[in-house]
Amino acid sequence: MNIAVLARRNLTRNKRRTAITICGAAFAATIMIAYGALMDGMIGKMVNSLTQLEIGQIQIHAPDYRDEPDLYKVIDHPQQILTALKSQGVIGTERLHGFALGSTEDTSVGVQIRGVDPAGEQAVTTLPASLAQGKWLDPHQPAEVVVGRTLAKNLGLALGQELVLFGQAADGSLASDLVTVRGILKGVSSAIDRGAVIMTLAKFREFFLVAAGAHEIALVASSDATSLSDAVAIVKNAAPDQEVLSWKELRPMFADMMEMSTASMAFMIVLIYIALGLLIINSTFMGIFERMRELGVLRAIGMTPWQIVQLILWEAFWQMAVAGVLAFVLAVPAVFYLTHYGIDLRSFMDNLAVAGMSLEPIWYGEATTLSFVMPLAFLLLVVMLASIY
C-alpha cells in the first residue's frame, strides 16, 4: 500500500477544507517572506548608511580621544599607517575634528568642523555623492565648504553664501575665517545634519594651526571577502598603540538594535505560525473525526497504528507542499516590487531617522535566500508538529 498516494487522494474528499487550509498557510508564508525581505532591506540600508556615509567599517583614534576630544590628541604619522594598511587590503582616509562658532548676518550657532581629504573620502565613503545641492570639495578651492542640511536651513545658507567661523586655534589664539558654501548635504545623520562644516585638510590645518597628525582614520576593507573581524585584526596589527574599533563598537546601540530587529522578526514568525498551527490542528482533528469508521476499517484490514500516523503526516505534508509552492509564486512578485519600488513614505515624512541615522523615506526590501527559506522551512516544521500533536 502506497501511503503517500493514498494521503494525496484523501485531500480531494473535502476540497473546501483542503483549499482553506492551503490558502491560509500560503498566505501566512507569503506575509512572512515579504516581512523578512523588508526587515533585511531596512537593516541593510541602515548598515550601509552608517558605514558608507559616515564612519566607515573601522576607525582609528588616539588613546582617550573619543572620551575627551582635543585638538592636541592626534594620531602621529597617519599616512604611514594608511600605506601599510593599503598593502593588506584595507583602505582609509584621515580626518580632523574641531569645534567653532558659525555666524551669518542674522544668527550664530555652534558647528563641528571636519577636515577631510576630498579624494580619500570618495574612496572610503559615499558622502561626497550625498549632496542635495552644489558640489563636493575641491582641493584647489580651500575657502569653499560643504555644510549639513539642517545647519544650512537654520542659518539661512544657500550655495555661494558666506559663513564666518570663529574658534580657538591649537596655540590658544583666536581662529577666524570667512568661507563660502560650495555644497549642502542630503540627510546623513542627526549630528552631521545639524552642525557639520566640512572643509579640506589643508584648510583645517590653516584654521586651527594643527601642523600634523590626524584625529581619526576611517577605514574599509577593499574586498567583500575580508570579514570585519579579520579587517580589525589587520588594523590593530598596523596601529598597535592606537584605539581601533569596528562600527559595532563605535555604535553599540545601533548594533543592539539590529539584533533586536532580528529577534522581533523571529518572534513574528513564531506568533503567526502558532496561529497557523492551531488552524492545522483543527483541520486535522476534523478530518480524523469524520473518518473514524474508515480508520477503524483500515485497522481491521491490517494497517498498523504507525501507518495511520504516516497517513495523517503525509496528508499534512502534501497540503504544505502545495502551500509552499503557492507562497513562493505569490512572494516572488511581492518581493520584486519591494526591492525595486519599495514602500513610499514621503507622504507621511520628509526624512526617516532611525537611531540617529537619516534614511531615504522609501522603505526598500532586500531579496535574500534566507528570507525565502526560513519562512517556508518554519511552515513545514510547524505543520508537521501540529499534525503529530
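For the structure, check the block above.
S.K.: Got a minute to help me understand the overall build of the protein in this structure?
M.R.: Helix and strand counts for the protein come out as 13 helices and 14 strands. Whereas a compact globule of 389 residues would reach a radius of gyration of roughly 21 Å, the protein reaches 30 Å, over 25% beyond that. Overall size of the protein, expressed as C-alpha extent along the three principal axes, is 100 × 45 × 30 Å. Split into buried and exposed, the 389 residues of the protein put 46% on the buried side. Taking the intrachain contacts of the protein between residues at least 6 apart in sequence as the baseline, contacts between residues at least 24 apart amount to 78%. Taken as a whole, the protein presents about 19600 Å² of accessible surface, with 60% of it coming from carbon and sulfur. Across the protein, 27 positive and 34 negative side-chain charges occur, with their mean positions spaced 18 Å apart.

S.K.: Please clarify how the nonpolar core should be interpreted in this entry.
M.R.: Generally speaking, nonpolar side chains in soluble globular proteins are found buried as a group. With 26 residues, the main nonpolar core has I113, V147, L165, V197 and F204 as its most contacted residues. Listing elements by their share of this core, those giving two or more residues are β2 (90-103), β3 (108-116), β5 (144-147), α5 (149-155), β6 (162-168), β7 (174-185), β8 (196-200) and α7 (201-208). Setting aside residues up to four positions removed in sequence, I113 forms contacts with L96, H97, G98, A100, L165, V197, M199, F204, F207 and F208. Listed in part, the 19 residues of the second largest apolar core include A26, A28, M32 and I280.

S.K.: Help me understand the pattern of salt bridges, please; the structure alone is not making it clear to me.
M.R.: Opposite charge on two side chains allows them to pair when their charged atoms are near. Scanning the model with the defined rule gives 8 salt bridges in all. In this structure, the salt-bridge partner of E121 is R95, at a minimum N-O distance of 2.6 Å. Note that E121 is positioned in helix α4 (residues 118-124) and R95 in strand β2, a separation of 26 residues in sequence. Per residue, the accessibility class of E121 equals that of R95, and both read buried. Put simply, E144 and R182 hold a salt bridge, and the shortest N to O gap is 2.6 Å. You can see E144 sitting in strand β5 and its partner R182 sitting in strand β7, a full 38 residues away along the chain.

S.K.: Looking at this model, I keep getting lost on the pairing of β8. Mind explaining?
M.R.: Consecutive side chains along a regular strand alternate between the two faces of the sheet. Of all 5 residues making up β8, 5 are buried, and the element is well covered by its neighbours. As defined by bridge partners, β3 adjoins β8 across 5 bridges and the pair is classed as parallel. Directly across from I113, in β8, lies its bridge partner V197. As paired elements, β5 and β8 share 2 bridges and run antiparallel to each other. Bridged to V147 within β8 is V197.

S.K.: Which parts of the structure should I look at to understand helix α12 (residues 305-340)?
M.R.: Since the α-helix packs 3.6 residues into each turn, any two residues three or four apart lie on the same face. Across its 36 residues, α12 extends 52 Å between first and last C-alpha, which sits within 8% of the 52 Å expected from 1.5 Å per residue. Along α12, the largest kink reaches about 25° and is centred on A331; proline P333 follows within four residues of it. Among the residues trailing α12, G342 stands out with phi positive, at a value near 70°.

S.K.: Just checking my understanding: could you explain a nonpolar patch on the surface for this structure?
M.R.: Residues V270, I274, L278, F378, L381 and L385 make up a contiguous nonpolar surface patch of roughly 550 Å² in combined accessible area. Every element with two or more residues in the nonpolar patch is listed here: α10 (252-290) and α13 (369-388). Judged by its relative accessible area of 47%, L381 falls in the partly exposed class.

S.K.: What is the right way to look at helix α3 (residues 78-86) in this model?
M.R.: For α3, the full list of buried residues reads P78, I81, L82 and L85. Seen from one end, α3 has its buried residues packed into an arc of 100°, which puts them on one side. Away from the buried face of α3 by more than 90 degrees, exposed residues Q80 and T83 are located. Buried positions along α3 lie against β1 (58-61), β2, β9 (216-221) and α8 (228-238).

S.K.: Got a minute to help me understand the packing of helix α2 (residues 15-55) against α12 in this structure?
M.R.: Packed helix pairs are characterised by how far apart their axes lie and by the angle those axes make with each other. Contact pair α2 / α12: the axes reach a minimum separation of 8 Å and the direction vectors enclose 35°. As α2 packs across α12, the resulting crossing turns out to be right-handed. Listed contacts from α12 to T18, T21, I22, A25, A26, A29, T30, I33, A34, A37 and L38 of α2 are Q319, M320, V322, A323, L326, A327, L330, A331, V335 and L338. Taken together, the residues of the contact of α2 with α12 break down into 17 nonpolar, 4 polar and no charged.

Reading guide: rules and limits
- Residues numbered from 1 in each chain as written.
- Predicted model: local features only at pLDDT ≥ 70, side-chain atom pairs only at ≥ 80, totals over all residues.
- Heavy atoms only, no water.
- Helix = DSSP H or I, 4+ residues; strand = E, 2+ residues; numbered from the N terminus.
- Rg over C-alpha atoms; globule rule 2.2 N^0.38 Å.
- Buried < 20%, exposed > 50% of the residue type's maximum accessible area, 1.4 Å probe, protein only.
- Contact = heavy atoms within 4.5 Å.
- Areas by Shrake-Rupley, 256 points an atom, 1.4 Å probe, with all protein chains shown as cover.
- Lys, Arg positive; Asp, Glu negative; His and termini not counted.
- Charge placed at Lys NZ, Arg CZ, Asp CG, Glu CD.
- Core = buried A, V, L, I, M, F, W, Y, C linked by side-chain atoms within 4.5 Å.
- Salt bridge = Lys/Arg side-chain N within 4 Å of Asp/Glu carboxyl O.
- Pairing = 2+ DSSP bridges.
- Expected span 1.5 Å × (residues − 1).
- Bend = angle between axes of the 7 residues up to and from the residue.
- Patch = residues over 30% accessible without salt bridge, like charges linked within 9 Å, V, L, I, M, F, W, Y side chains within 5 Å.
- Arc of directions from axis to C-beta.
- Axes fitted to C-alpha atoms, helices over the stretch in contact; angles between N-to-C directions.
- Left-handed = near helix turned anticlockwise from the far one by under 90°.
- Nonpolar A, V, L, I, M, F, W, Y, C, P; charged D, E, K, R; others polar.

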